[in-house]
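Architecture and fold: a report
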There are 2 protein chains.
Amino acid sequence: MATRQKTSRKAAAAIRRPRARAINGAAHAGDDIGLDALVGHAGYAVRRFQLWIFQDFIKTLATVDIRPTQYSVMTVIGANPGLSQMAVAKRLGIERARLVHLLDSLEERDLVSRIPSATDRRSHALHLTARGKTALAQFKRLAAEHERHVADKIGKDNRERLLQILACFT
Amino acid sequence: MATRQKTSRKAAAAIRRPRARAINGAAHAGDDIGLDALVGHAGYAVRRFQLWIFQDFIKTLATVDIRPTQYSVMTVIGANPGLSQMAVAKRLGIERARLVHLLDSLEERDLVSRIPSATDRRSHALHLTARGKTALAQFKRLAAEHERHVADKIGKDNRERLLQILACFT
DNA sequence: GAAAGATTGTTGTTGACGACAACAATTGAT
DNA sequence: ATCAATTGTTGTCGTCAACAACAATCTTTC
């Protein structure tokens, strides 16, 4: 049953129907579906949580069209002007190849500028533009609003605890 | 500075070099790069953590070639035989379109089988094969080993707290 | 019981993202 | 002067989420 064409479902149904009832288990009508070992796995919970948190971030900052990764890049550059692309990539744990496209889009929107380094002609010194600085201030306000959504979802003190537990990854 | 060709870096360096020194900030030699507002964002910490945890899961289960999503699908099917693809997708929060390819690969490996539903000829009743059941038992042992890695990384009680905080997402 | 609307599995596309490999330009070490 | 390492860039590959369309089928409604 590797590949299935347009007519495969009908054919399979006709062939295997007689056996189906004996094999099928309970109907599982509603939401009584157990997760078994999955509930004890941190990775599963974290995946679901990250999905929720990123969607809320994107929605909350939809008016300014900024995604989480773009926000992290601008924040780090704003706090450390003159960083090289390599330094930003290493600090944020993203590939330097990926940062190229991120900076391309941010530079097109006049939020970030690549300035040739004075000491190393291979590297670029990254800076926020004037427009980027005022924009980042607004992004931070919206991001703070998103963070309040997180606190509303999991509880204010739970959020604090979470940040403390995961501090070793930042 | 939207597009850059092969020669753009050299040209830009030559043109802008005189201004560079005055504009560049401190050199940021080592690892004293601040994250500014990023440290207060749960999403950033969660993203870094999920990256780490998924990589460890993949590495720990590399010998059996099972990824986190595949493991979650097999676990849910194993605990609830006869589920439809729609039910599995909804329970795990993945798109039913995505589940198609996931099940295709698992079916090719003879771990899962799609059996035509007796009551609804549109849907498939999902079951583990005999081979899939014994394989899942081994996957669970390896996943438990991965979970111990998590506990080693963030602490045993911190892991418990994390699972408790994020329980509302599972 | 026939028409209309909803559901299920499937296919396809799009875009963000991580990983990897190659390359030119440049730097630093020998 | 030469050789290895670094930096930015380009490209490809595979995973993943989101969305749209479609045929087959079920359910509702008249």
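The rules behind each value
Residues numbered from 1 in each chain as written. Chains lettered and ligands numbered in written order. Predicted model: local features only at pLDDT ≥ 70, side-chain atom pairs only at ≥ 80, totals over all residues. Heavy atoms only, no water. Axes fitted to C-alpha atoms, helices over the stretch in contact; angles between N-to-C directions. Helix = DSSP H or I, 4+ residues; strand = E, 2+ residues; numbered from the N terminus. Parallel < 35°, antiparallel > 145°, perpendicular 65-115°, else oblique. Left-handed = near helix turned anticlockwise from the far one by under 90°. Contact = heavy atoms within 4.5 Å. Nonpolar A, V, L, I, M, F, W, Y, C, P; charged D, E, K, R; others polar. Salt bridge = Lys/Arg side-chain N within 4 Å of Asp/Glu carboxyl O. Buried < 20%, exposed > 50% of the residue type's maximum accessible area, 1.4 Å probe, protein only. Least-squares fit on C-alpha atoms with pLDDT ≥ 70 in both. Near = heavy atom within 4 Å. Polar contact = N/O pair within 3.5 Å; in protein donor to acceptor, adjacent residues only side chain to side chain.

A separate point is the packing of helix α3 (residues 68–79) of chain A against helix α6 (residues 130–154) of chain A. Residue and element names in this part refer to chain A. Contact geometry of α3 with α6 gives a least axis separation of 11 Å together with a crossing angle of 125°. On the basis of their axis angle, the class for α3 and α6 is oblique. The crossing of α3 and α6 is left-handed. Facing Y71, M74, T75 and G78 of α3, the residues of α6 in contact are G132, L136, F139, K140 and A143. Grouping the amino acids of the contact of α3 with α6 by side-chain chemistry returns 5 nonpolar, 3 polar and 1 charged.

If you walk through the whole model with that rule in mind, you get 14 salt bridges over all chains. R109 of chain A is the partner of D65 of chain A in a salt bridge, and the nearest nitrogen-oxygen pair spans 4.0 Å. One end of the pair, D65 of chain A, is in the loop between α2 (42–60) and α3; the other, R109 of chain A, is in the loop between α5 (96–108) and β1 (112–116), and 44 residues separate them in sequence. Between E107 of chain B and R114 of chain B there is a salt bridge, with its nearest N and O atoms 3.2 Å apart. The exposure class assigned to R114 of chain B is buried, which follows from its relative accessible area of 4%. Several salt bridges converge on common partners, so that one network encompasses D104, E107 and R114 of chain A.

With that out of the way, let us pick up the relation of the copies chain A and chain B. When chain A is brought onto chain B, the operation consists of a screw motion whose angular component is 180° and whose axial shift is 0.0 Å, with 0.1 Å RMSD remaining. Viewed as a symmetry operation, the transformation between the two copies matches a two-fold axis. The fraction of interface residues of chain A whose copies in chain B are also interface residues reaches 98%, indicating that both copies meet through the same surface.

The full set close to DNA strand C counts 24 residues, and R98 of chain A together with Q55, M86, R114 and R122 of chain B are the nearest of them. Near the protein, meaning within 4 Å, the atoms of DNA strand C are sugar or phosphate in a fraction of 68%, with bases accounting for the rest. At 2.8 Å, a side-chain N or O of R114 of chain B approaches a phosphate oxygen of DNA strand C. Among the secondary structure elements, those contributing two or more residues to the surface near DNA strand C are α5 of chain A together with α2 (42–60), α4 (85–92) and α5 (96–108) of chain B. Residue classes in the surface near DNA strand C are distributed as 5 nonpolar, 6 polar and 13 charged.

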